[in-house]
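Structure at a glance
The lines below spell out each chain.
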Amino acid sequence: MQLWKRAKEDTVTDFGWRKIVEKHFILPNGSEGRFVTDTWGNDNVSVVALTKENKVVVAKQFRTGPEKILYELPGGLCDGGESPEVSAFRELKEETGYTSDNELVYLGKVCRNGYHNDDAYYYLLRGCYQTSNQELDENEFIEVAEVGYDEMEQFAKEGLVSDATALFMAKDYIQKEKNT
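Right, let's walk through the structure included here. (Residues numbered from 1 in each chain as written. Predicted model: local features only at pLDDT ≥ 70, side-chain atom pairs only at ≥ 80, totals over all residues. Heavy atoms only, no water.)

Side note on the nonpolar core
Core analysis: the biggest nonpolar cluster contains 26 residues, and Val48, Tyr71, Leu124 and Met152 have the highest contact counts within it. Among the secondary structure elements, those contributing two or more residues to this core are strand E4 (44-51), strand E5 (56-63), strand E6 (68-72), strand E9 (105-111), strand E10 (119-130), strand E11 (143-147), helix H2 (149-157) and helix H3 (164-178). It is H3 that contributes the most residues to this core, five residues altogether. Counting residues in each nonpolar core, the second largest holds 13 residues, with Ala88, Tyr98, Leu104 and Leu125 among its members. (Core = buried A, V, L, I, M, F, W, Y, C linked by side-chain atoms within 4.5 Å. Buried < 20%, exposed > 50% of the residue type's maximum accessible area, 1.4 Å probe, protein only. Helix = DSSP H or I, 4+ residues; strand = E, 2+ residues; numbered from the N terminus.)

Written out as structure tokens, the structure reads:
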């Protein structure tokens, strides 16, 4: 398999914090294919934040794509020039009011899906506790909850967690720790 060649320049439609990118490639059969991708303009982070009781701190919120209330892991965009680690702590504090005195455990960087142009960085943070109120944007309406890991896994299997990869990467990391 080889990389596809670009047929022409991308067309970008800016919707504020999200951009739709139209890409044209020459396909292996010689025809031109048109594909629509999206970008947030920066990489993003998700944090599996565990309390001292090993509950997962979640940002429960209505999501317009599936039109459901989802159990989201705290996270969001890396602000311009901000490292993923700094973004992880900032997003956790902004969305939930929680923090931790522990260091982040890097779980990995993934391509969110085949039509998304930015990377997602996943972290585990233990010993989280609430220190402040949320600092939400005007269009964010988040209810903070502490949920057991088994319950979060079930929510993920039911399609109620949009970024379940981080959840399962954290479980794998914790299991490997126990086995060493």
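Focus on the sheet that holds strand E3 (residues 32-39)
Within the open sheet, the three strands sit side by side as E1-E2-E3. Their pairing is antiparallel. Two strands close off the open sheet at either side, each with one partner strand: strand E1 (5-14) and E3. Between one strand and the next, the sheet's axes are offset by a mean angle of 20°, whatever the strand orientation. Relative to strand E2 (residues 19-26), E1 runs antiparallel, the two sharing seven bridges. Across the sheet, the residue bridging to Val12 is Val21, located in E2. (Pairing = 2+ DSSP bridges. Axes fitted to C-alpha atoms, helices over the stretch in contact; angles between N-to-C directions.)

Details of the environment of Val36
Take Val36: it is sitting in strand E3. We classify Val36 as partly exposed; its relative accessible area is 39%. Counting along the chain gives 121 residues from Val36 to Lys157, while the straight-line C-alpha distance between them is 28 Å. Ignoring anything within four residues of it in the chain, the contact list for Val36 reads Ile20, Val21 and Tyr115. (Contact = heavy atoms within 4.5 Å.)

Regarding the side chain of Thr37
Looking at the secondary structure, you find Thr37 in strand E3. The exposure class of Thr37 is buried, given its relative accessible area of 7%. Polar contacts involving the side chain of Thr37 include one to the side chain of Asn117, which spans 3.0 Å. (Polar contact = N/O pair within 3.5 Å; in protein donor to acceptor, adjacent residues only side chain to side chain.)

Digging into the side chain of Arg90
With respect to the element layout, Arg90 can be found in helix H1 (residues 84-96). On the basis of relative accessibility, which here comes to 17%, the residue Arg90 falls in the buried class. In contact with Arg90, other than residues within four places in its own chain, are Leu77, Cys78, Asp79 and Glu82.

Considerations on unusual backbone geometry
The backbone phi angle of Asn54 is positive, close to 65°, even though this residue is not glycine. Its place among the elements puts Asn54 in the loop between E4 and E5. Even without glycine at this site, Glu67 takes up a positive phi of about 55°.

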